[in-house]
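# Understanding the architecture of this molecule
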Amino acid sequence: MPAAATSALVTAARTSGRGVAAFNVITLEHAEAVVTAAEQTGLPVVLQLSENAVKFHAGRVRPVLAGAAAIAGDALVPVALHLDHVQDEDLLRAGVAAGVSSVMFDAAALPYQANVSATARITKWAHSRGVWVEAELGEVGGKDGAHAPGVRTDPAEAAAFTAATGVDALAVAVGSSHAMTERTARPDLDLIARLRAAVDIPLVLHGSSGVPDPELRRAVAAGMTKINIGTALNVAYTSAVRDRLTADPSLVDPRRYLATAREAMTATAAHLLRVVAS
């Protein structure tokens, strides 16, 4: 089937009171693992490529998106393609031209009014091309400066921001952090509920790899819909490769240890797909 639209997957999840998992992919093995997991569980999924991942691929967005699109097109379940944390507007336009159905435009490092202005302009451009837009306010932890840990999104400011920009989804800071390798985050469930009541668009949880399963379920029940997951896949990938090479230092064929890594990521993704959808 052709790639699904992120808007359709998120809308369906929100309507049913469930979450939809969005996995950050870096390599072809990431994308293969996530889609295999989605097929195993019978659940829809979003494959998302960050600006940092594009930089890893020499700044070329079309080849890696073409690979992800081919995998999505062969999938037995709905799979959407999304650009994540894009600050470079040229990259955003290139990604849309390459076929993504949605983008996360990240202007959170800018002062509030500049964020509003830039996000509103990009949203108008994207909507004219049928592209769904996610944005960020009340910065998510785990990065320096604008993404300082401990920041929380104010519901009134979130309502004003969404009204001024016209975005389709909002990433909010509620206690999770990017790049966590331990699952110790505890999202503020009361804040999530207040944000859900304040804005009439889907809420997005970034940094979900650091949130334990029970807390992820509670966060979805409180009002989060799109659940972004990246580091959990990388932990599974790297751990599997490290263990495989330690067990057999003579290995030189990458297919043998990357297959192990792909299997580990598939298991992780399948588990988290079930948690988010429950």
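What you are looking at is a predicted structure, and each value in this text was computed from that prediction instead of being measured.

## So, the sheet that holds strand 3 (residues 79-86)
Within the closed barrel, the eight strands sit side by side as 1-2-3-4-5-6-7-8. Their pairing is parallel. Ignoring which end each strand starts from, the neighbouring axes of this sheet average 25 degrees apart. The pairing of strand 4 (residues 102-105) with strand 5 (residues 132-136) spans three bridges and is parallel. Bridge assignment links Ser102 to a residue of strand 5, and that residue is Trp132.

## Section: the environment of Val220
Within the secondary structure layout, Val220 lies in helix 9 (residues 213-222). The class of Val220 is buried, set by a relative accessible area of 8%. In this structure, the C-alpha to C-alpha distance between Val220 and Arg14, residues 206 residues apart in sequence, is 9.3 Å. Leave out the neighbours within four places in its chain, and Val220 touches Gly17, Arg18, Gly19, Ile227 and Val276.

## A few points about the side chain of His206
Along the chain, His206 falls in the loop between strand 7 (203-205) and helix 9. Residue class for His206 comes out buried when judged on its relative accessible area of 1%. Only 2.7 Å separates the side chain of His206 from the side chain of Glu134, close enough to count as a polar contact. A distance of 3.3 Å separates polar atoms of two side chains, one belonging to His206 and the other to Asn228.

## Some thoughts on the pattern of salt bridges
As enumerated under the stated definition, the model contains nine salt bridges in all. Note that Glu51 and Lys55 form a salt bridge whose closest N and O atoms lie 3.9 Å from each other. You can see Glu51 and its partner Lys55 sitting in helix 3 (residues 51-56), four residues apart, about one turn around the helix. What makes Glu51 buried here is its relative accessible area of 9%. Overall, the relative accessible area of 54% leaves Lys55 in the exposed class. Put simply, Glu89, Arg93 and Arg121 are held in one network by salt bridges that share partners.

## Focus on the environment of Ala75
Inspection of the secondary structure assignment puts Ala75 in the loop between helix 4 (61-74) and strand 3. For Ala75, a relative accessible area of 4% gives the class buried. When the C-alpha atoms of Ala75 and Glu39 are compared, they prove to be 7.2 Å apart, with 36 residues separating the residues in sequence.

## Description of the confidence of the model for the chain
Chain-level statistics for the chain give a pLDDT mean of 91 and a share of 91% at 70 or above. Between residues 140-147, whose pLDDT stays under 50, and residues either more than four places distant or in other chains, the model counts 27 contacts.

What counts as what
- Residues numbered from 1 in each chain as written.
- Predicted model: local features only at pLDDT ≥ 70, side-chain atom pairs only at ≥ 80, totals over all residues.
- Heavy atoms only, no water.
- Pairing = 2+ DSSP bridges.
- Helix = DSSP H or I, 4+ residues; strand = E, 2+ residues; numbered from the N terminus.
- Axes fitted to C-alpha atoms, helices over the stretch in contact; angles between N-to-C directions.
- Buried < 20%, exposed > 50% of the residue type's maximum accessible area, 1.4 Å probe, protein only.
- Contact = heavy atoms within 4.5 Å.
- Polar contact = N/O pair within 3.5 Å; in protein donor to acceptor, adjacent residues only side chain to side chain.
- Salt bridge = Lys/Arg side-chain N within 4 Å of Asp/Glu carboxyl O.
- pLDDT = per-residue confidence, 0-100.

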